[in-house]
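Per-entry structural report
Listed below are the residues making up each chain.
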Amino acid sequence: MAHDSAGNRKFAIVLSVFQVIFIILFGIFGRYHDDALPRSGLSHQTTTLSPQEHRGRRSADGDSEAYTWPKYAIQDYYPMFQDVHVMMFIGFGYLMTFLRKYGYSSLGINFLLAAFVIQWATLMRGFLHMEGMSFKIDLTTLLTSDFTVAAILITFGAVLGKLSPLQYLIMALIEVAVSLGNEYICVHYLKTRDIGGSIFVHIFGAYFGLAVSRMLYRWEYSVTDFNTLKFTTKTTDLFSMIGTIFLWMYWPSFNSAVAEKEFQQRAVINTYFAMASCCVVTFICSHLFHHNKFSMELVQNATLAGGVALGATADMIVQPYGALIIGAGAGILSCVGFHYINPILENKLKVHDTCGVNNLHGMPGILAALISGVVFATATPALYGDSFYDIYGKQMDTNAIQKTPLLDSSGKFVPERTPMQQAGLQMAALGATLGMAIVSGIITGLIIRMKIWDPLPGPALFDDAANFALPDPVPWEQESDIRHRLRTIGRDDEIAAAIPLTKGFPNPRDERV
Amino acid sequence: MAHDSAGNRKFAIVLSVFQVIFIILFGIFGRYHDDALPRSGLSHQTTTLSPQEHRGRRSADGDSEAYTWPKYAIQDYYPMFQDVHVMMFIGFGYLMTFLRKYGYSSLGINFLLAAFVIQWATLMRGFLHMEGMSFKIDLTTLLTSDFTVAAILITFGAVLGKLSPLQYLIMALIEVAVSLGNEYICVHYLKTRDIGGSIFVHIFGAYFGLAVSRMLYRWEYSVTDFNTLKFTTKTTDLFSMIGTIFLWMYWPSFNSAVAEKEFQQRAVINTYFAMASCCVVTFICSHLFHHNKFSMELVQNATLAGGVALGATADMIVQPYGALIIGAGAGILSCVGFHYINPILENKLKVHDTCGVNNLHGMPGILAALISGVVFATATPALYGDSFYDIYGKQMDTNAIQKTPLLDSSGKFVPERTPMQQAGLQMAALGATLGMAIVSGIITGLIIRMKIWDPLPGPALFDDAANFALPDPVPWEQESDIRHRLRTIGRDDEIAAAIPLTKGFPNPRDERV
Amino acid sequence: MAHDSAGNRKFAIVLSVFQVIFIILFGIFGRYHDDALPRSGLSHQTTTLSPQEHRGRRSADGDSEAYTWPKYAIQDYYPMFQDVHVMMFIGFGYLMTFLRKYGYSSLGINFLLAAFVIQWATLMRGFLHMEGMSFKIDLTTLLTSDFTVAAILITFGAVLGKLSPLQYLIMALIEVAVSLGNEYICVHYLKTRDIGGSIFVHIFGAYFGLAVSRMLYRWEYSVTDFNTLKFTTKTTDLFSMIGTIFLWMYWPSFNSAVAEKEFQQRAVINTYFAMASCCVVTFICSHLFHHNKFSMELVQNATLAGGVALGATADMIVQPYGALIIGAGAGILSCVGFHYINPILENKLKVHDTCGVNNLHGMPGILAALISGVVFATATPALYGDSFYDIYGKQMDTNAIQKTPLLDSSGKFVPERTPMQQAGLQMAALGATLGMAIVSGIITGLIIRMKIWDPLPGPALFDDAANFALPDPVPWEQESDIRHRLRTIGRDDEIAAAIPLTKGFPNPRDERV
């Protein structure tokens, strides 16, 4: 049907073309990392060991083995990678099921976009890190592709319920390219440190999404109508909490998965405590803002802001109390955002933010960037020892920072940047990312609102019926008829007669529970 | 009541007998593996170290420590074991809750069967690998028992809603024994390689289940009636998606948990990408087949087929683009199965397949076996280096495969099988497994349809009421009465009076949400 | 409103004060463990390695590196820590959502209490283990704080639905301090071994909660009324099962996370099998006790008792069959508790136990302590080798235990306690914990029933409306109006007209599913 605009063949054709192109590009450029390839130099003895013997020997043997052994990154990355994977698919997916009429689409399109972005982000990041004519794929590739998924799903939250599948797809396609370009520029030129992606993922995803949402705003629709259609039920709120809690629990993995050594330990500890204080503070604010009751919307969202606000400095020595303060501050900021700033955004700036990503990802992300400015400006060699060089780089003039016994007077291994320079670079990354996100979001909004991408007609907003074949519940009369028919033909009428009909078999009351 | 056939004491008695026998057999034959036992030879110094010191030293010490150290398999297997555990209990359990009237039974009997099979599979596999008069239990035992659970739960999906608890139990009892026997024959005599269990688990479970289902087909019942009783609701579909997504996310663990070294890395990377392309392709097919809408049934099931189709070669060098192609192909095959092949199966072959296991496990499993034939036939020593011997075994005539620098001219360490022989053996395993599954499934079906196992009467099909004491929702009038009574006796009438009755307290509307 | 007693500003103010005090105490006393701090002595070469090189070298290098390397505890503890984290937040949280009218509060207050207790337990445990003027925080700190959360959430289960948020908070505040004090006394003075916290966590949490519940019992309310208000629905029961299954699956992590070497392996294996037999036995008892049907209440709760009953001896050589017997025994005990003992508790002892924690945690915990008496009394040096010293301590008179070749005749490394002494100490810990839990629970009950903590009025029991702003479902007429209005102003009337109104758009039937 040409008229069934909410989903015609165009979607399937476009997506098929992308998938085929992805396969071709992977075929031309994608290769396993050496970790995943055989080592020709392995001694024959080695190959005859069982895996347990392998690992036993790995622990014990001396240098002679060291260089003939394939690196074994499973233990180093896999558990945290899977935690991040759960955050993307269960966390974001279920968090967005709160909409009474849009649960299938929230979960299903979240699933689709994530699986699409996994491939596209691997390609894009690969192109930015080519080695000769190919890029290498290992466990960290899977992990960083999942991080890019996070940015796209944050954007998805801002426009949730308001786009057609094709529009979501085009939006994701553009955003992956721009966000990875932005990250590349920040990391390589601005030397930005952002272990938990607060700048590259949270700020970018949120403001890109808000810019798209602004471009899609149709003046004829009132925000009140939109927000009425966003209603939840007890059941959908409980589904949504599955997402919230998995995001909350695994956030320490998100903030520490790519960190090293003691940086990783700190990222875990700091995030754990920031999440705890953020949760407590959210319940406090929720109680104060909602007439002495708790608000599910705040519990579902603002409890997570601590992980965002800590993201850029999760691996630094902020001390446990510092993490608690950052978490608490983020909780307050996020609750204030939902309660006071969101109405301004919606009514004055005409930006409709379905999931409140400005409050959960946007403002806490900016807070994270500002905190990183302070933390990097005040770090000292006395505190960080030799790991100071990991943060501020190497090969800089010896006079720029204070002399400590750790510094090599010959000039080797002296940090590349002063703390103040690093702080300035963090601020530059914040500005660059905000600018890049908003400008590219506006352009993307202009692109995807074109009729060619089949925008949703008004009545189809926030409605699964536009995207999914919905289940057709069988009326109890019909079910009762069928069961009655089956009864007469059972293998043993006596047995059949003994089945109680009073409970379980269809009756109107049962339909409601 | 003798007449309450759907569940009389027989079930409890039979299950009790099995559980007692299991305990006795474990008592006679089951022992901890040495990994889980103290090492007498440990030096006294060693035992005084804290675990962290242990591990610190493990990294650093030389050969002198190597042979006094208990092997420590927790890090090697535990995280992936738990992922697989989640796939069995949450993944399969929730995936099958889509049936509106059979959610308790899907989840509950999934739970029961899995816990039952864990014990029985440990025993059976133990009997096949006796060391003297006992078998040893370590972490890999738990893992492989969980793999056997997968086969039984796939079969459960084929007959879901159509058997009594006792029938499910007898079916699982037989299937564990036969499937482990089949696996033993394939691995030991046919040298089958099937790292992800596509042949031993997916093909066996699916076709055993379909054969059982065929034997249970009662001509009087129309397939249309069955499928009408299978209706879903939005809530049950969202529960079902919990299962889908956990299965999807953790499939890389399933396909790689027992792999070694770089084989494991490849299994993770390949499965990750195959799942991604399979998900994307499922949405494409779903859109094409369902009048330009997505279908929840396909999203819940076909998205997983990529992991099955890759299973037998997940650890091989199929390259990332190869994994994408296999995943995409599996997605198409599975969607075609649900849309075109399932009706044929139901109407022509009289095989009713409740969860569509033929489409998710059966045909993608066969595809996996065929792919393994191609992959093993075309592998070269140049590509695999010394790990070539891990695949094709040792001690074979030197002239059989092409000469490479890796080959030892003395004849030691030369592969046992040629690539073409291995491919032939893979095909033999496919044939053997299909035959064994179908024949044993037919026999099992004949056994469990005997009246002694209390088959369900017609009206009790797809109905929790036959298995579970269902909740009796309290009518709002009754709840209101109770709350009113409690109101008059609160500790402080003034306080009680202030509780708003307008919301939250029972009212008819509230019952519906 | 001063009258809105169920939740006035007092809650927010009290919680804010606690959070601020926590931050101050963390600031004064909390420090990172050395694991999470830079090593000044690191050689410059070392710091320039990538993480993979680090880990590669860790395996291979000799002693020269050993003492310059920060310990890297992530791999040792992190995966199991996250499993335990999931048990606390998803496991307990969803397990308690079975109450039809109290799902928001079960999940939300579970979340709040856990985040609150994480901080408070870290502080309290820190104060008990001060090093100079501060305590150290590492990954094991996070893990042990989560264990304390378990005790508080068990107590929460006993009083679920019957307290105001402020009362829950005060209760948690007191319980953390007392339970950690009890644990400290048992471990340091009574040398109690309780790897899975059956005594310190399960017994303490359960009997503390039951004592509080007894103190809060209001004679005017009938237990029948309470239990009528506890009704479930199919949907809430399926949510509850999410909690059950995650608890069940991850229990091996709970029982083994802090164990070492082969003790940890055994704890995993034993718990895995105890959970399996407990699940099977629960289905048997459930069938026998509920007129040949299964009971969801038993499946949700009694299936978990095996992990509790094994807790105190999970790391010991009880053999796999021993674990199966313990699991089966716990399942029977728990089912008998729900079916026969709970009514006595409620009607005779006036203790209302909302979630049946006596049956799941209390009695199985006592069973665990009794089993530990037997196991520790009968262990022999012949069985445990040198690890015997890990259990019974060092430096004791050589004559006290039988001579074995493992014993050093010089008297060094000879166990501190005899097996019978250890068994006696386990019984002493059981008695001490029971006494401490009940006495402190009674006092806590007397404190929190004071009017100052805003106890709930009768009608607000088991009702989310007292705690949460509930969603206000939009009637379908209103939604239909909005969608109709949006229809007339779509960008393309022709497109809008094509959207089918027959399905998906609001209609009364749709409201019910």
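Residues numbered from 1 in each chain as written. Chains lettered and ligands numbered in written order. Predicted model: local features only at pLDDT ≥ 70, side-chain atom pairs only at ≥ 80, totals over all residues. Heavy atoms only, no water.

**Looking at the overall build of chain A**
This is how the line gets drawn: Strands are runs of DSSP state E lasting at least 2 residues, helices are runs of H or I lasting at least 4, and numbering of each runs from the N terminus. For each residue, the accessible area found with a 1.4 Å probe, counting protein chains only, is set against the maximum for its type, and the residue is called buried under 20%, exposed over 50%, and partly exposed in between. Any two residues whose heavy atoms approach within 4.5 Å are treated as being in contact.
When you go through chain A residue by residue, the secondary structure sums to 22 helices and four strands. Looking at chain A as a whole, 70% of its 513 residues qualify as buried. Taking all contacts inside chain A whose residues are at least 6 apart in sequence as the whole, residues at least 24 apart take part in 79%.

**Remarks on the packing of aromatic side chains**
We apply this condition: Ring pairs shown here join Phe, Tyr and Trp side chains whose ring centres sit within 6.5 Å, with only the six-membered ring taken for Trp; geometry is labelled stacked below 30 degrees between planes, edge-to-face above 60, and tilted in between. Definition used: whenever NZ (Lys) or CZ (Arg) falls within 6 Å of the ring centre and also within 35 degrees of the ring normal, the charge is taken to sit over that ring.
What the rule picks out here adds up to 91 aromatic pairs over all chains. Aromatic side chains Phe147 of chain A and Phe254 of chain A sit 4.8 Å apart centroid to centroid with 80° between the ring planes, which places their arrangement in the edge-to-face category. In this pair, Phe147 of chain A is assigned in helix H7 (residues 139–159) and Phe254 of chain A in helix H11 (residues 234–256), connecting sequence segments 107 residues apart. Within the aromatic cluster, the residues linked to one another by ring pairs are Phe11, Phe89, Tyr104, Phe111 and Phe468 of chain A together with Trp248, Phe283 and Phe294 of chain B. In this arrangement the basic side chain of Lys234 of chain C is found over the ring face of Tyr104 of chain B, its NZ or CZ atom lying 6.0 Å from the centre. Positioned above the aromatic ring of Phe263 of chain C, the side-chain terminus of Arg266 of chain C is 4.8 Å from the ring centre.

**Quick look at a nonpolar patch on the surface**
Our working definition: Without a salt bridge and with relative accessible area above 30%, a residue can belong to a patch; like charges are then joined within 9 Å and nonpolar side chains (Val, Leu, Ile, Met, Phe, Trp, Tyr) within 5 Å. All accessibility values rest on the Shrake-Rupley procedure with a 1.4 Å probe; residue burial counts only the protein chains present in the view. Only one rule defines a salt bridge in this text: a Lys or Arg side-chain nitrogen within 4 Å of an Asp or Glu carboxyl oxygen.
A surface patch of nonpolar side chains, about 250 Å² in accessible area, is lined by Ile13, Val17 and Ile21 of chain A. Using a relative accessible area of 41% as the deciding quantity, one classes Val17 of chain A as partly exposed.

**Some thoughts on the side chain of Asp464 of chain A**
The condition is simple: Whenever a nitrogen or oxygen atom comes within 3.5 Å of another N or O atom, the pair is scored as a polar contact, on the condition that within protein one atom can donate a hydrogen and the other can accept it, and that pairs from neighbouring residues in sequence are kept only if both atoms are in side chains.
Considering the arrangement of structural elements, one finds Asp464 of chain A in the loop between helix H19 (419–448) and strand S4 (468–469). Polar side-chain contacts of Asp464 of chain A include one of 3.2 Å to the backbone nitrogen of Gly103 of chain A. In this structure the side chain of Asp464 of chain A is engaged in a polar contact, spanning 3.0 Å, whose partner is the backbone nitrogen of Tyr104 of chain A. Every residue in contact with Asp464 of chain A, bar those within four places of it in the chain, is listed here: Lys101, Tyr102, Gly103, Tyr104, Ser105 and Leu470 of chain A together with Lys234 of chain B.

**Focus on the pattern of salt bridges**
For the structure on display, the rule yields 30 salt bridges over all chains. Here Lys261 of chain A and Asp390 of chain A are joined by a salt bridge, their closest N and O atoms 3.5 Å apart. Placement of Lys261 of chain A in helix H12 (residues 261–289) and of Asp390 of chain A in helix H18 (residues 388–392) is noted, with a sequence separation of 129 residues between them. What makes Asp390 of chain A partly exposed here is its relative accessible area of 23%. Salt-bridge contacts for Asp463 of chain C lead to Arg483 of chain B; the nearest nitrogen and oxygen are separated by 3.9 Å. Highlighted residues: Asp463 of chain C in the loop between helix H19 (419–448) and strand S4 (468–469) and Arg483 of chain B in helix H20 (residues 476–488), drawn from two different chains. Looking at Asp463 of chain C, the relative accessible area reads 1%, which means it is buried. For Arg483 of chain B, a relative accessible area of 3% translates into the label buried. Through salt bridges with shared partners, one network takes in Lys101 and Asp463 of chain A together with Glu479 and Arg483 of chain C.

**What about unusual backbone geometry?**
Residue and element names in this part refer to chain B. Of note in this structure, Asn292 is not a glycine but carries a positive phi near 65°. Inspection of the secondary structure puts Asn292 in the loop between helix H12 (261–289) and strand S3 (294–295). Accessibility expressed as a relative area gives 10% for Asn292, which makes it buried. Positive phi outside glycine occurs at Phe462, with the angle close to 50°. By the secondary structure assignment, Phe462 is in the loop between helix H19 (419–448) and strand S4 (468–469).

**A few points about the packing of H12 of chain A against helix H15 (residues 319–347) of chain A**
A pair of packed helices can be characterised by two numbers: the angle between their axes and the separation between those axes. Residues and elements named next belong to chain A. Selection rule: In this description, a line fitted to the C-alpha atoms serves as the axis of each element, helices being fitted only across the stretch in contact, and the angle between N-to-C directions of two axes falls anywhere from 0 to 180 degrees. Crossings are assigned a handedness: left-handed for a near helix turned anticlockwise from the far helix by less than a right angle, right-handed for a clockwise turn.
It is the contact of H12 with H15, at a shortest axis distance of 7 Å, that shows an interaxial angle of 35°. Judged by the sense of rotation from one axis to the other, the crossing of H12 with H15 is right-handed. When H12 is examined against H15, the residues Asn270, Phe273, Ala274, Ser277, Cys278, Val281, Thr282, Cys285 and Phe289 are found in contact with a partner set consisting of Gln319, Pro320, Ala323, Leu324, Gly327, Ala328, Gly331, Ile332, Cys335, Val336, His339 and Tyr340.

**What about helix H9 (residues 198–216) of chain C?**
Note the cut-off: Residue count minus one, scaled by 1.5 Å, sets the expected span of a helix. At every residue, the bend is computed as the angle between two fitted axes, covering the seven residues ending there and the seven beginning there respectively.
The end-to-end C-alpha distance of H9 of chain C, which contains 19 residues, comes to 26 Å, matching closely the 27 Å that a straight helix rising 1.5 Å per residue would cover. Along H9 of chain C, the largest kink reaches about 25° and is centred on Phe204 of chain C.

**A closer look at the packing of helix H5 (residues 74–95) of chain B against helix H11 (residues 234–256) of chain B**
Residues and elements named next belong to chain B. Where we set the bar: Here the word oblique covers every angle except those under 35 degrees (roughly parallel), over 145 (roughly antiparallel) and from 65 to 115 (roughly perpendicular).
Between H5 and H11, the least distance of the axes is 8 Å, while the angle of their chain directions is 150°. Viewed along their axes, H5 and H11 adopt a mutual orientation that is roughly antiparallel. For the pair H5 and H11, the sense of crossing is left-handed. Contacts between H5 and H11 involve Met80, Asp83, Val84, Val86, Met87, Met88, Ile90, Gly91, Phe92, Tyr94 and Leu95 from the first element and Phe239, Ser240, Ile242, Gly243, Thr244, Phe246, Leu247, Tyr250, Trp251, Ser253, Phe254 and Ser256 from the second.

**Concerning the environment of Asp83 of chain B**
By the secondary structure assignment, Asp83 of chain B is in helix H5. In the structure, Asp83 of chain B is positioned 69 residues away from Ile152 of chain B in sequence and 18 Å away in space, judged by C-alpha atoms.

**Here we look at the environment of Gly30 of chain A**
Within the secondary structure, Gly30 of chain A sits in strand S1 (residues 30–32). Placed 139 residues apart in sequence, Gly30 of chain A and Leu169 of chain A show a C-alpha to C-alpha distance of 23 Å. Those residues in contact with Gly30 of chain A that lie beyond four places of it in its chain are Leu25, Phe135 and Ile137 of chain A together with Gln319 and Pro320 of chain B.

**Concerning the environment of Phe135 of chain A**
Residues and elements named next belong to chain A. Counting through the fold element by element, Phe135 comes out in strand S2 (residues 135–137). Sequence separation between Phe135 and Gly30 is 105 residues, and the spatial gap between their C-alpha atoms is 5.4 Å. Not counting chain neighbours up to four residues away, the residues in contact with Phe135 comprise Phe29, Gly30, Arg31, Thr122, Leu123, Gly126, Phe127, His129 and Met130.

**Observations regarding the side chain of Glu479 of chain A**
Secondary-structure assignment places Glu479 of chain A in helix H20 (residues 476–488). Polar contacts involving the side chain of Glu479 of chain A include one to the side chain of Arg483 of chain A, which spans 2.9 Å.

**Digging into the confidence of the model for chain A**
Residue and element names in this part refer to chain A. Our working definition: On a range of 0 to 100, pLDDT expresses the predictor's confidence in each residue.
With 82% of its residues at a pLDDT of 70 or more, chain A shows a mean pLDDT of 84. Low pLDDT, under 50, characterises residues 1–7; the stretch is placed with 14 contacts to residues that sit more than four places away or in other chains. For the stretch residues 500–513, pLDDT sits under 50, and the model shows 40 contacts to residues farther than four places along the chain or on other chains. In the predicted assembly, ipTM is 0.89 and pTM is 0.90.

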